[in-house]
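Analysis of the macromolecular model
Here is what each chain is made of, one letter per residue.
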Amino acid sequence: MHMPQLANVLDDLPIRGDVLELACGTGQWTRLISDRVRSLTALDAAPEMLSAARERMHGAATRFIEADVFSWEPDRQYDTIFFAFWLSHVPPVEMEAFWDLLRWTLAPGGHVVFLDDAPAKAGIEEAVAEAQVPTVRRRLADGSHHQAVKVLRDAADLTSQLCDLEWEAQIEPVDQYHIAGVARPWTSA
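So, a few notes on the structure that sits alongside this text. If you're wondering where the values come from, they're calculated on a predicted model, not measured in any experiment. (Residues numbered from 1 in each chain as written. Predicted model: local features only at pLDDT ≥ 70, side-chain atom pairs only at ≥ 80, totals over all residues. Heavy atoms only, no water.)

A word on the pairing of strand β10 (residues 178-185). Burial analysis of β10 places seven of its eight residues in the buried class, which makes it a mostly covered element. Here strand β9 (residues 167-175) runs beside β10; their pairing, made up of eight bridges, is antiparallel. Its bridge partner lying in β10, Glu172 is registered against Ala180. Hairpin connection, β9 to β10: the antiparallel pair is bridged by two residues. (Buried < 20%, exposed > 50% of the residue type's maximum accessible area, 1.4 Å probe, protein only. Helix = DSSP H or I, 4+ residues; strand = E, 2+ residues; numbered from the N terminus. Pairing = 2+ DSSP bridges.)

This model, assessed by the stated rule, comprises four salt bridges. As a salt-bridge pair, Asp75 and Arg63 come within 2.5 Å of each other at their nearest N and O atoms. In this pair, Asp75 sits in the loop between β3 (63-66) and β4 (78-84) while Arg63 sits in strand β3, placing the two residues 12 residues apart along the sequence. Owing to a relative accessible area of 54%, Asp75 belongs among the exposed residues under this scheme. (Salt bridge = Lys/Arg side-chain N within 4 Å of Asp/Glu carboxyl O.)

Before going further, it helps to examine the nonpolar core. One broad trend across soluble globular proteins is that nonpolar side chains are buried collectively. Counting residues in each nonpolar core, the largest one holds 31 residues, and the members touching the most others are Leu22, Phe83, Phe98, Trp99 and Val112. Those elements that provide at least two residues to this core are β4, α4 (95-105), β5 (106-117), α5 (155-164), β9 and β10. The leading source of residues in this core is α4, at five residues. Not counting chain neighbours up to four residues away, the residues in contact with Trp99 comprise Phe83, Leu87, Val112, Phe114, Leu162, Leu165, Trp167 and Ala183. Counting 22 residues, the second-largest nonpolar core is a separate cluster that includes Ile15, Leu50, Ala84 and Leu115. (Core = buried A, V, L, I, M, F, W, Y, C linked by side-chain atoms within 4.5 Å. Contact = heavy atoms within 4.5 Å.)

What follows deals with α4. Met95, Phe98, Trp99, Leu101, Leu102 and Thr105 are the residues of α4 that are buried. Down the axis of α4, the buried side of the element spans an arc of 150°, and every buried residue falls inside it. Buried residues along α4 sit against β1 (18-21), β4, β5, α5, β9 and β10. (Arc of directions from axis to C-beta.)

The final tally for this structure, using the stated rule, is eight aromatic pairs. Note on Trp29 and Phe85: the rings are 6.1 Å apart at their centroids and 40° apart in plane angle, and the pair reads as tilted. One end of the pair, Trp29, is in helix α2 (residues 28-33); the other, Phe85, is in the loop between β4 and α4, and 56 residues separate them in sequence. Relative to Trp99, the ring of Phe83 lies with its centre 6.4 Å away and its plane at 70°, an arrangement referred to as edge-to-face. Placement of Phe83 in strand β4 and of Trp99 in helix α4 is noted, with a sequence separation of 16 residues between them. (Phe/Tyr/Trp six-rings, centres within 6.5 Å; stacked < 30°, edge-to-face > 60°.)

The next point concerns the environment of Ile65. Mapped onto the elements of the fold, Ile65 is located in strand β3. Taking the C-alpha atoms as reference, Ile65 lies 9.9 Å from Cys24; in sequence the two are 41 residues apart. Those residues in contact with Ile65 that sit more than four places away from it in its chain are Thr41, Ala42, Leu43, Asp44, Leu50 and Trp72.

Turning next to the sheet that holds β3. Judged by pairing direction, the sheet is mixed, and its seven strands sit side by side in the order β3-β2-β1-β4-β5-β10-β9 without closing on themselves. What marks the edges here is a single partner per strand, and that holds for β3 and β9. Neighbour-to-neighbour, the strand axes of the sheet open up by a mean angle of 15°, direction not taken into account. Direction of pairing for β1 relative to strand β2 (residues 39-44): parallel, over a ladder of four bridges. Bridge pairing in β2 links Leu20 to Thr41. Strand contacts of helix α3 (residues 47-56): β2 and β3, with the helix running at about 170° to β3, the strand carrying the most contacts. Seen against the sheet, α5 touches β5, β9 and β10 and runs at an angle of roughly 170° to β9. (Axes fitted to C-alpha atoms, helices over the stretch in contact; angles between N-to-C directions.)

Right under this line is the structure:
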């Protein structure tokens, strides 16, 4: 499924209110959710990604934050936390701390909404065998090679893992290669 078809999935997801987008990258998803929110904050660790996102969002009221999500301390709470294709980059050792951060960052009654890759994506990724955490090697359009953490979680296993972390989650396959999820901490369910 390509980006335009995946973007249609957003219509069925509860992205509303004051929204925080994690790992916004170049802003392609930021642009798609901007017209349905009260306020939008977009966070990314890479200044060049934020620059591209700012350009893409020109004219739209968006607060941008440059920060590594693993060391970031939020200054407010949000109704919705959204991320697309970020959870698969969270190393297993960081999952509990990451979801604890999300719990603290959500306003009462808030929820986390996400899209990500499913395990079938492993068939088209170049795994790095010697890595200590699941890692893939990618070749970019400029010919450069980069490595990235890539933990492919299926809907049932991720739902169970989040339940263990005291989250209620509804995670469904979108197609063979993608999942979509909505999660709420037990305390606000």
